[in-house]
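This is what each chain is made of:
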Amino acid sequence: MLTKFETKSNRVKGLSFHSKRPWILASLHSGVIQLWDYRMGTLIDRFDEHDGPVRGVHFHKSQPLFVSGGDDYKIKVWNYKMHRCLFTLLGHLDYIRTVQFHHEYPWIVSASDDQTIRIWNWQSRTCISVLTGHNHYVMCASFHPKEDLVVSASLDQTVRVWDIGALRKKTVSPADDILRLSQMNTDLFGGVDAVVKYVLEGHDRGVNWAAFHPTLPLIVSGADDRQVKLWRMNETKAWEVDTLRGHMNNVSCVMFHAKQDIIVSNSEDKSIRVWDVTKRTGVQTFRREHDRFWILASHPEMNLLAAGHDSGMIVFKLERERPAFALSGDSLFYAKDRFLRYYEFSSQKDTQVIPIRRPGSTSLNQSPRTLSYSPTENAVLICSDVDGGSYELYVIPKDSIGRGDSLQEAKKGLGGSAIFIARNRFAVLDKSSNQVLVKNLKNEVVKKSILPIAADAIFYAGTGNLLCRAEDRVVIFDLQQRLVLGDLQTPFVKYVVWSNDMESVALLSKHAIIIANKKLVHQCTLHETIRVKSGAWDDNGVFIYTTLNHIKYCLPNGDSGIIRTLDVPIYITKVSGNTIFCLDRDGKNRAIVIDATEYIFKLSLLKKRYDHVMSMIRNSQLCGQAMIAYLQQKGFPEVALHFVKDERTRFNLALESGNIQIAVASAKEIDEKDHWYRLGVEALRQGNAGIVEYAYQRTKNFERLSFLYLVTGNMEKLSKMLKIAEVKNDVMGQFHNALYLGDVQERIKILENAGHLPLAYITASVHGLQDVAERLAAELGDNVPSLPEGKVPSLLMPPSPVMCSGDWPLLRVMKGIFEGGLDNVGRGAVEEDEEAADADWGEELDMVDVDGLQNGDVAAILEDGEVAEENDEEGGWDLEDLELPPEADTPKAPANARSSVFVAPTPGMPVNQIWIQRSSLAAEHAAAGNFDTAMRLLNRQLGIRNFAPLKSMFLDLHSGSHSYLRAFSSAPIISLAVERGWNESASPNVRGPPALVFNFSQLEEKLKAGYKATTTGKFTEALRLFLGILHTIPLIVVESRREVDEVKELIIIVKEYVLGLQMELKRRELKDNPVRQQELAAYFTHCSLQMPHLRLALLNAMTVCYKARNLATAANFARRLLDTNPTIETQAKTARQVLQAAERNMTDANELNYDFRNPFVTCGATYVPIYRGQKDVSCPYCTTRFVPSQEGQLCTVCDLAVVGADASGLLCSPTQIR
């Protein structure tokens, strides 16, 4: 059973699916009717007007109506669009059990505990017939899907079939009068509309449910005698065919499945059972813990069922409907109806290839889950859930494609999933042992490989590679080298889709899509609210995928959008151009043509293919708010401009892209103060004085206008502004304008008129207007203000502007890629090419000449005069043009003027190059940014092959040894090398080695922290710290020989701890293997640890062995513990007690692979002892020892070097080189 949706609520008594929308109605025992969207999992509406339980509910097939019947004796008809009850039908005298609309006529049938069935006309809102005959509660009644029949079930132990043909004839009004007359008679004298056709007797208890088969003359019923009965009928009689026994309690509901030959029943025994109609046997049972089932409903169109129980309902499917398929070049292999079929995309030809055997067992979900195809061998692997997961291998005879009849025996085997990984090899997952078996086409195991994670499925990931899936992550595993090539945390992945070039992979989970590259480096994640169903890559590297109701796209940067909606889910097999090939749920191949313009447009923008963008804008119908918002958000407002008609949006986009012309045009259309003001600000920013002036004039912003004229030096207009201020009687404005003009007399006049005589006097005397000053002094009399002594006044005159009138020199801006192209959208394409030839990339530079002439004018004057003369000369001589090579870029200077030319000095060698030349220390190469030589050095010196843990340190070294200077905005940023131990007195020409961010003292701090974490028992933290030290040491540089020895000593100390902690953590993971636990605890005591840690290890080993009754071994640890003279009394006391206990019985319950008398070291990968004299190999860097079989593998302790590799040894100081 595949549960699609589940609700928690009061007891569900009635259910009904909507025929078109993904909705289901659930009527509850509490009187509420809920409307759910089972696809989104949301409650859309609730209808709460019934008093008491609502037992029946049904959607109308085509109208926005549903009907409900409850324990309040009422039948209500609702309109779900208007969210209300339209009317109530009254007439029943007891609880109403079921209600149902007729599929064609405006009728409702209802069954009630008043022992009657009523048929109502919902248009005239009247009861048109009452069916009496049952003599107990009628539990259900329903119309036949095609014929004029009603079936009902009652607690009187019968099922009745009623013929309502007369009712139909009466509804379809008769044509002639005689018929109409006879009808009036029957109406007057009680004619019979509905007659009982059959009474089916056979149940020993009350019957709860009866239902017709959608097409065949069959009836199924379920009763309190715990039986499901199958009945057959013909024109004249009906009889019992068979009884299905198996339910343990009353059968509450039963029905035929519309698409398959099965009966589904549910019962108060808390189970749903599925029965095979032809074999009349039980196929499957689904149980719930605590909830009795009451009702079943099936979807009229889709393969969906719903069941209501005591605490809610479930919507479910019995089988997966996804066809298994495999793609190979231009063809598709897929499984359908027990056949393997072949479909060719180019010719759209579909043929059947070979029959696939029908599984022996009768249970559901036995159809193929996955298909894998090997084109060279023409072999197909089919996996299904038979026997808990198995596969079948078919080799297709070369000529059989198209015949499809040759039956052959498949090679079979058990396994979670099976896929081809090479031409004639396939991998099978064995979940129990978490290993992959590689088999050949004879089904023989060639090789076994343990997987790096506990995988529950494997997928193809390129030849020889597997993509292994666990609950929360996927890894790519190379079966040859047994290496993990990539690892990614993901939600549970259901399907994996590789791009055609195998460079990208899409991992589809239920509600998300993760896109990564072939090494599983994450690129983007998309979340969907609705289930993701399938996907394929198109030729441009866009991922096209489907959800339950949409086809969508995902661009490489994670942008996504909808291509079109779907009526039914489909499974994409291939995307070719703008055609999507897919399989639908019936296993039919379909080709859907889509409009790819939108995502191709966005992709071109993303990839900066502007020529494509241009042609698409010209030729396609791309518009809409979403597209404009997208362009604006991605920083292409100038492109968005060409889509927009709305003036306000145009204005905003024009300002954003700095297109003043369009902004002016829009501002004129809108003509609002705010828009003019914003236009003025933008024009001022661009230095377009004419438009700023125009904008200020439109808004009558006189103060800003005056200031603009001052800045641009337009004295003539300033004096006009002065007059305007005078007319408007704006004294402050007048004064400002006079100040800007430098008009002293005017200023004095204004001050005088405003009555500020002292100020007027001072202004006059400072500016040397003596006659005016004397006149004012006479007026002031005694109140003449005194000027300060010994101060020289400065005159208040406006500065002369740098540029006079006209616009400021415009920056030479590159025209946007789009502007030149978009302005001539109307013109033909031919001109476009010509334009491209002289590449009109930008507006000309409007240089203003000294005399105030602009470029254009200067050129004009030149053309008139000199140009003409030159032409005359040439014409006379009739000279031919020489085809000279293009001029070299030489400074045009006369030979004698050499000394005056500035010759730039030749640049020296960059500092980081000097560092590299001098050094063989990997850290210094990394600091210089030369990572590949650093890696080569580390490989040569320490045999390191895995650089992933060192990546961040390389980056830190590089960024830490450089500083960056920003000189000024137009110059590029200068990077400076930072040297180690630099001081002021150092000679400028001698370069020191690079400054390094890692040093030895940091490591000693880390070591102390590691010791502390070990003491407190935080082993994972300690292990992280010690591994950090091991990973930093290769990039440490020290100064003296003594420090070199300390570094080498530190490697040994840390290596011992890492190995010990790894064993201890491994021991803690093992729950069910006491022998191995004891061994690992014992080996831990043989790592050279600090004394307090050694005591703890011994105490630990002693405890483990003592608990496992290995008393002799425990005693040995107790002795070793006491030999260390433990300072903590409890440790010593425990050890003595163990010794005493052991001396009574010196035996061991288990034999361990551990001999303390014989000196040994522990293998770092397999954790077994390597005794003295046995062969071993060691890690060239951390010196951990391994059993010989580990040679060539990555060292498990340091995770950097290759075991047994040749290496020259650690270089960490310049003193080692001299």
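A quick note: this is a predicted structure, and the numbers were derived from the prediction, not measured. (Residues numbered from 1 in each chain as written. Predicted model: local features only at pLDDT ≥ 70, side-chain atom pairs only at ≥ 80, totals over all residues. Heavy atoms only, no water.)

**Brief notes about the overall build of the protein chain**
Thinking step 1. Secondary structure assignment for the protein chain yields 30 helices and 61 strands.
Thinking step 2. Residues counted as buried form 48% of the 1218 residues belonging to the protein chain.
Thinking step 3. Here the contacts in the protein chain between residues at least 6 apart in sequence split such that 47% fall between residues at least 24 apart.
Thinking step 4. Taken as a whole, the protein chain presents about 62,100 Å² of accessible surface, with 51% of it coming from carbon and sulfur. (Helix = DSSP H or I, 4+ residues; strand = E, 2+ residues; numbered from the N terminus. Buried < 20%, exposed > 50% of the residue type's maximum accessible area, 1.4 Å probe, protein only. Contact = heavy atoms within 4.5 Å. Areas by Shrake-Rupley, 256 points an atom, 1.4 Å probe, with all protein chains shown as cover.)

**Details of the side chain of His925**
Thinking step 1. Within the element layout of this structure, His925 appears in helix H21 (residues 922-927).
Thinking step 2. Setting aside residues up to four positions removed in sequence, His925 forms contacts with Ile916, Ser919, Ser920, Asn930, Thr933, Ala934 and Leu937.

**What about unusual backbone geometry?**
Thinking step 1. The phi angle at Arg125 is positive, at roughly 60°, despite the residue not being glycine.
Thinking step 2. Positive phi is not limited to glycine here, since Asn729 has a value of about 60°.
Thinking step 3. If you trace the backbone, Asn729 turns up in the loop between helix H12 (715-727) and helix H13 (731-741).
Thinking step 4. Residue class for Asn729 comes out exposed when judged on its relative accessible area of 61%.

**Description of the pairing of strand E29 (residues 325-328)**
Thinking step 1. Only one face of E29 is buried: it carries Ala326 and Ser328, and the other face, with Phe325 and Leu327, is open.
Thinking step 2. In terms of strand pairing, E29 meets strand E30 (residues 331-336) through four bridges, oriented antiparallel. Residue Ala326 lies in a different strand from E30, and its bridge partner there is Phe333.
Thinking step 3. Taking the residues between adjacent antiparallel strands as the criterion, E29 and E30 are bridged by two residues, where Gly329 takes a positive phi near 60°. (Pairing = 2+ DSSP bridges.)

**Considerations on the sheet that holds strand E19 (residues 218-223)**
Thinking step 1. Pairing is antiparallel across the open sheet formed by four strands, whose spatial order is E18-E19-E20-E21. Every interior strand has two partners, whereas the edge strands, strand E18 (207-212) and strand E21 (238-245), have only one. Sheet twist, expressed as the average angle between the axes of neighbouring strands with direction ignored, equals 20°.
Thinking step 2. Pairing geometry for strand E20 (residues 227-233) and E21, over seven bridges, is antiparallel. Across the sheet, Trp231 pairs through a bridge with Glu240, a residue of E21. (Axes fitted to C-alpha atoms, helices over the stretch in contact; angles between N-to-C directions.)

**Quick look at the confidence of the model for the protein chain**
Thinking step 1. Of the residues in the protein chain, 88% have a pLDDT of 70 or more, and the chain-wide mean is 83.
Thinking step 2. Across residues 824-882, where pLDDT falls below 50, the model places 36 contacts with residues more than four positions away in sequence or in other chains.
Thinking step 3. Overall, residues 887-900 carries pLDDT values under 50, and its contacts beyond four positions in sequence, including any with other chains, amount to two contacts. (pLDDT = per-residue confidence, 0-100.)

**Overview of the packing of aromatic side chains**
Thinking step 1. Per the stated rule, a full pass over the model turns up 32 aromatic pairs.
Thinking step 2. Taken together, a centroid distance of 5.5 Å and an interplanar angle of 85° make the contact between Tyr343 and Phe345 edge-to-face.
Thinking step 3. Relative accessible area serves as the criterion here: at 4%, Tyr343 is assigned to the buried category.
Thinking step 4. Its relative accessible area of 3% is what places Phe345 among the buried residues.
Thinking step 5. For the ring pair Tyr1154 and Phe1156, a centre distance of 6.4 Å and an interplane angle of 45° mean the geometry is tilted.
Thinking step 6. Cluster of aromatic residues (ring-pair linked, three or more members): Trp23, Phe47, Phe59, Phe66, Trp78 and Tyr80.
Thinking step 7. Against the face of Trp294 rests Lys13, its NZ or CZ located 3.8 Å from the ring centre. (Phe/Tyr/Trp six-rings, centres within 6.5 Å; stacked < 30°, edge-to-face > 60°. Lys NZ or Arg CZ within 6 Å of the ring centre and 35° of its normal.)

**Looking at a nonpolar patch on the surface**
Thinking step 1. Residues Leu965, Ile974 and Leu976 make up a contiguous nonpolar surface patch of roughly 240 Å² in combined accessible area.
Thinking step 2. Inspection of the secondary structure assignment puts Ile974 in strand E57 (residues 974-977).
Thinking step 3. Look at Ile974 and you get partly exposed, because its relative accessible area is 41%. (Patch = residues over 30% accessible without salt bridge, like charges linked within 9 Å, V, L, I, M, F, W, Y side chains within 5 Å. Salt bridge = Lys/Arg side-chain N within 4 Å of Asp/Glu carboxyl O.)

**Let's talk about the sheet that holds strand E47 (residues 512-517)**
Thinking step 1. Pairing in this open sheet of four strands is antiparallel, and the strands run E45-E46-E47-E48 from one edge to the other. Across the chains shown, the open sheet's two edge strands, defined by having one partner strand only, are strand E45 (493-498) and strand E48 (522-527). Recorded for the sheet is a direction-independent mean angle of 20° between the axes of neighbouring strands.
Thinking step 2. Across five bridges, E45 lies against strand E46 (residues 504-509) in antiparallel orientation.

**A few points about the packing of helix H11 (residues 702-712) against H12**
Thinking step 1. Viewed as axis vectors pointing N to C, H11 and H12 meet at an angle of 155°, and their least axial separation amounts to 9 Å. Viewed along their axes, H11 and H12 adopt a mutual orientation that is roughly antiparallel. The handedness of the crossing between H11 and H12 comes out as left-handed. Of the residues in H12, those in contact with Phe702, Leu705, Ser706, Tyr709 and Leu710 of H11 are Lys717, Leu718, Met721 and Ile724.
Thinking step 2. Looking at side-chain class alone, the contact of H11 with H12 contains seven nonpolar, one polar and one charged residues. (Parallel < 35°, antiparallel > 145°, perpendicular 65-115°, else oblique. Left-handed = near helix turned anticlockwise from the far one by under 90°. Nonpolar A, V, L, I, M, F, W, Y, C, P; charged D, E, K, R; others polar.)

**A closer look at H12**
Thinking step 1. Between its terminal C-alpha atoms H12 stretches 19 Å, which fits the 18 Å expected from 13 residues at 1.5 Å a residue.
Thinking step 2. Those residues of H12 hidden inside the fold are in contact with H11, H13 and helix H14 (744-753).
Thinking step 3. Backbone geometry just downstream of H12 places Asn729 in the positive-phi region, at approximately 60°. (Expected span 1.5 Å × (residues − 1).)

**What about the nonpolar core?**
Thinking step 1. Residues Leu938, Phe1026, Leu1030, Ile1033, Tyr1181, Cys1182 and Cys1198 are the most contacted members of the largest nonpolar core, which totals 91 residues.
Thinking step 2. Sequence-distant contacts of Ile1033, that is, excluding residues within four places in its chain, are made with Leu1003, Val1047, Leu1050, Ile1051, Tyr1181 and Leu1210.
Thinking step 3. Listed in part, the 62 residues of the second largest apolar core include Ile551, Leu555, Ala596 and Ile660. (Core = buried A, V, L, I, M, F, W, Y, C linked by side-chain atoms within 4.5 Å.)

**Looking at the environment of Ile544**
Thinking step 1. Take Ile544: it is sitting in strand E50 (residues 543-547).
Thinking step 2. When its relative accessible area of 0% is taken as the criterion, Ile544 is described as buried.
Thinking step 3. Residue contacts for Ile544: discarding those within four places in its chain leaves Gly535, Ala536, Asp538, Ile551, Lys552, Tyr553, Ile563, Ile572, Val575, Ile580 and Tyr599.

**Description of the side chain of Glu321**
Thinking step 1. Structurally, Glu321 can be placed in the loop between strand E28 (312-317) and E29.
Thinking step 2. Taking relative accessible area as the criterion, Glu321 reaches 16% and is therefore assigned buried.
Thinking step 3. Contacts of Glu321, omitting those with residues within four sequence positions, involve Asn303, Tyr571 and Arg585.

**Section: the pattern of salt bridges**
Thinking step 1. What the rule picks out here adds up to 42 salt bridges.
Thinking step 2. Glu240 is the salt-bridge partner of Lys229, the closest N and O atoms lying 3.0 Å from each other. One end of the pair, Lys229, is in strand E20; the other, Glu240, is in strand E21, with eleven residues separating them in the sequence.
Thinking step 3. A residue is classified by how much of its surface remains accessible, and Glu240, at 33% relative accessible area, is partly exposed.
Thinking step 4. Of the charged contacts in the structure, one is a salt bridge between Glu1056 and Lys1055, with a shortest N-O distance of 3.0 Å. As far as the burial class goes, Glu1056 and Lys1055 line up, both buried.

**Observations regarding the packing of helix H28 (residues 1091-1107) against helix H30 (residues 1129-1144)**
Thinking step 1. One way to put it is that H28 packs onto H30 with a least axis distance of 11 Å and a crossing angle of 35°. H30 is crossed by H28, and the crossing has left-handed handedness. Across the interface between the two elements, Arg1095, Leu1096, Leu1099, Met1102 and Tyr1106 from H28 touch Gln1131, Thr1134, Ala1135, Val1138 and Ala1141 from H30.

**Describing the pairing of E20**
Thinking step 1. A large share of E20 lies buried, amounting to six of its seven residues.
Thinking step 2. Here five bridges tie E19 to E20, and the two strands are oriented antiparallel to one another. Its bridge partner being in E20, Ile219 is matched across the sheet by Trp231.
Thinking step 3. Counting the residues between successive antiparallel strands, the hairpin from E20 to E21 contains four residues.

**Focus: the environment of Val138**
Thinking step 1. Relative to the assigned elements, Val138 resides in strand E14 (residues 138-143).
Thinking step 2. Separated by 71 residues in sequence, Val138 and Trp209 place their C-alpha atoms 9.4 Å apart.
Thinking step 3. Discounting chain neighbours no more than four positions away, the residues touching Val138 are Arg97, Ala111, Ser112, Asp113, Gln115, Thr116, Ile117, Ser152, Ala153 and Ser154.

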